[in-house]
Amino acid sequence: MTGAVRLEPVDERNLEPLLSVAVAEAEPSDVMPPVEAPAGWSNARREAFREFHRARFGGLDASARSAMYAIVAGGEVVGMIRMSRRDEPGVAEVGMWLGRSARGQGIGAAALRELLHLAAAAGMRTVVADTASENRGALSVLERCGAKLREADDRVYAEISLDDVAAC
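Quick look at the structure, then. If you're wondering where the values come from, they're calculated on a predicted model, not measured in any experiment.

**A few points about the pattern of salt bridges**
Pairs may arise between side chains of opposite charge once their charged atoms sit close together.
So, point 1. Summed over all chains, the structure comprises twelve salt bridges.
So, point 2. Asp-11 is the partner of Arg-13 in a salt bridge, and the nearest nitrogen-oxygen pair spans 3.8 Å.
So, point 3. Taking relative accessible area as the criterion, Arg-13 reaches 55% and is therefore assigned exposed.
So, point 4. Residue class for Asp-11 comes out partly exposed when judged on its relative accessible area of 27%.

Below you can see the structure in the form of structure tokens.
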């Protein structure tokens, strides 16, 4: 990994660089919820990406209950990580994606480590995630950060206690 990894709240300043990385280095289904639009990165899908992120600019205490961060490595936006409040008090769900060129360099673990500190500072006690059982990169990052994993069908559910966020 080259350069420090830091998280910047997603806002108008970094939304277009984030979209550029998504278009160049990820599939729409990997970085946003499904939308009715032509396949691939159509103009409609790009606009849906922008609107999805803009609706979450308010952070954990806004109506969407999500805080989204651009992952910056080596001075460049390389992906996104988010946490969303769950209905259970003190529990946040985490999700992350990286552009293909940023994978396998330790950036995911560094970003998750930073997010765990932010979650703890926001009063969370537990962070949960779920991913496809074949998503080896995500599973490796979650395991490295001390997640307890449980597999069901083709999904893996992870839980990280924030009692010791220094673990990863």
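From this point, the discussion proceeds with the structure in view.
**Brief notes about the pairing of strand β3 (residues 76-85)**
Every regular strand shows the same layout, with side chains that alternate between the two sheet faces.
So, point 1. Burial within β3 is extensive, with eight of its ten residues counted as buried.
So, point 2. Linkage of strand β2 (residues 66-73) to β3, two consecutive antiparallel strands, is achieved through a turn of two residues, within which Gly-74 is found at a positive phi near 60°.
So, point 3. As judged from the seven bridges shared by β3 and strand β4 (residues 91-98), these two strands associate in the antiparallel manner. By the bridge assignment, Gly-79 is partnered in β4 with Leu-98.

**Observations regarding the layout of surface pockets**
So, point 1. Computed from the structure, the largest pocket encloses a volume of approximately 1,200 Å³.
So, point 2. In this structure, the largest pocket is lined by 44 residues; those nearest its centre are Asp-30, Met-96, Trp-97, Asn-135 and Ala-138.
So, point 3. Broken down by secondary-structure element, the contributors of at least two residues to the lining of the largest pocket are α2 (28-31), α3 (43-54), β2, β3, β4, α4 (107-121), β5 (126-132) and α5 (136-144).
So, point 4. Of the residues that constitute the lining of the largest pocket, the class distribution is 22 nonpolar, twelve polar and ten charged.

**Examining the packing of aromatic side chains**
So, point 1. Going through the model one piece at a time under the given rule, you end up with one aromatic pair.
So, point 2. Plain terms: the ring middles of Trp-41 and Phe-49 are 5.9 Å apart, the flat faces sit at 75° to each other, and that makes the pair edge-to-face. When sorted by exposure, Trp-41 lands in the same class as Phe-49, which is buried.

Cut-off values and rules
Residues numbered from 1 in each chain as written. Predicted model: local features only at pLDDT ≥ 70, side-chain atom pairs only at ≥ 80, totals over all residues. Heavy atoms only, no water. Salt bridge = Lys/Arg side-chain N within 4 Å of Asp/Glu carboxyl O. Buried < 20%, exposed > 50% of the residue type's maximum accessible area, 1.4 Å probe, protein only. Helix = DSSP H or I, 4+ residues; strand = E, 2+ residues; numbered from the N terminus. Pairing = 2+ DSSP bridges. 1 Å grid on protein atoms, 1.4 Å probe; cavity = no way out; pocket = protein on both sides within 12 Å on 5 of 7 lines; lining within 4 Å. Points joined across faces, edges and corners; volume = space filled by probe spheres on them. Nonpolar A, V, L, I, M, F, W, Y, C, P; charged D, E, K, R; others polar. Phe/Tyr/Trp six-rings, centres within 6.5 Å; stacked < 30°, edge-to-face > 60°.

Nothing here speaks to function; it is all geometry.
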